[in-house]
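Examination of the molecular architecture
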Amino acid sequence: NVRCSSRGLVPVTRTLYGSDVIADTFKILLKGEMTAEDRKLGVKANFPITQFSFVSAELDSKGVLTVTFSDPRHNSSGGACRVNILRAQLEATARQFDGVVQVRFMPQDILQP
């Protein structure tokens, strides 16, 4: 099922002006705002998720990007299809940055089917 995997993702472009591009990118993704062009292309947002928020992103010298979220009510959990597409979106967002070879999400209990 393409919709439940990374094959169903469509890249979107945003212009950022902040000093922490990785953090700003995740914050924009989690807002789930679609432009008129996105809607024209049929892009659908899976975010925002109530009480699911970005906390931090840290890229180490080995290329591991650790992205930490807050999800006090486990609203990022759900069925396998939903969790797979959420995880795929977050991973694709992370992997676009130079130097990222692995992505780790924290805490470990988020994004569970």
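As shown above, the structure is provided for reference.
Residues numbered from 1 in each chain as written. Predicted model: local features only at pLDDT ≥ 70, side-chain atom pairs only at ≥ 80, totals over all residues. Heavy atoms only, no water.

1. Regarding helix α3 (residues 80-95)
Its 16 residues place the ends of α3 22 Å apart at the C-alpha level, agreeing with the 22 Å of an ideal helix rising 1.5 Å per residue. By the burial criterion, the buried members of α3 are Val-83, Ile-85, Leu-86, Ala-88, Gln-89, Leu-90, Thr-93 and Ala-94. (Helix = DSSP H or I, 4+ residues; strand = E, 2+ residues; numbered from the N terminus. Expected span 1.5 Å × (residues − 1). Buried < 20%, exposed > 50% of the residue type's maximum accessible area, 1.4 Å probe, protein only.)

2. Thoughts on the pairing of strand β2 (residues 64-70)
Remember that side chains alternate between the two faces of the sheet whenever the strand is regular. The element β2 is largely enclosed, with a buried count of 5 among its 7 residues. Pairing analysis gives 6 bridges linking strand β1 (residues 53-59) to β2, with the strands arranged antiparallel. Looking across to β2, one finds that Glu-58 is bridged to Thr-66. Where β1 folds back onto β2 in an antiparallel hairpin, the turn is made up of 4 residues, including Gly-63, whose phi is positive at roughly 90°. Sheet topology note: the β2/strand β3 (residues 102-106) ladder contains 5 bridges and is parallel. Paired with Val-64 across the two strands is Gln-102, which belongs to β3. (Pairing = 2+ DSSP bridges.)

3. As for the pattern of salt bridges
Tallied over the entire structure, the rule returns 2 salt bridges. As a salt-bridge pair, Asp-38 and Arg-14 come within 2.5 Å of each other at their nearest N and O atoms. Of this pair, Asp-38 sits in helix α2 (residues 36-40) while Arg-14 sits in the segment before α1 (21-31), placing them 24 residues apart in sequence. The exposure class of Arg-14 is partly exposed, given its relative accessible area of 28%. With its nearest N and O atoms 4.0 Å apart, the salt bridge here joins Glu-91 to Arg-87. You can see Glu-91 and its partner Arg-87 sitting in helix α3, 4 residues apart, about one turn around the helix. Arg-87 sits in the partly exposed class, given a relative accessible area of 27%. (Salt bridge = Lys/Arg side-chain N within 4 Å of Asp/Glu carboxyl O.)

4. Points about the nonpolar core
In terms of nonpolar packing, the biggest core is built from 21 residues, with Phe-26, Phe-52, Phe-69, Leu-90 and Phe-105 touching the most fellow members. Listed by contribution, the elements that provide at least two residues to this core are α1, β2, α3 and β3. For Leu-90, the residues in contact, after removing those within four places along its chain, are Phe-26, Leu-29, Leu-30, Phe-47, Phe-52, Phe-69, Phe-105 and Leu-111. (Core = buried A, V, L, I, M, F, W, Y, C linked by side-chain atoms within 4.5 Å. Contact = heavy atoms within 4.5 Å.)

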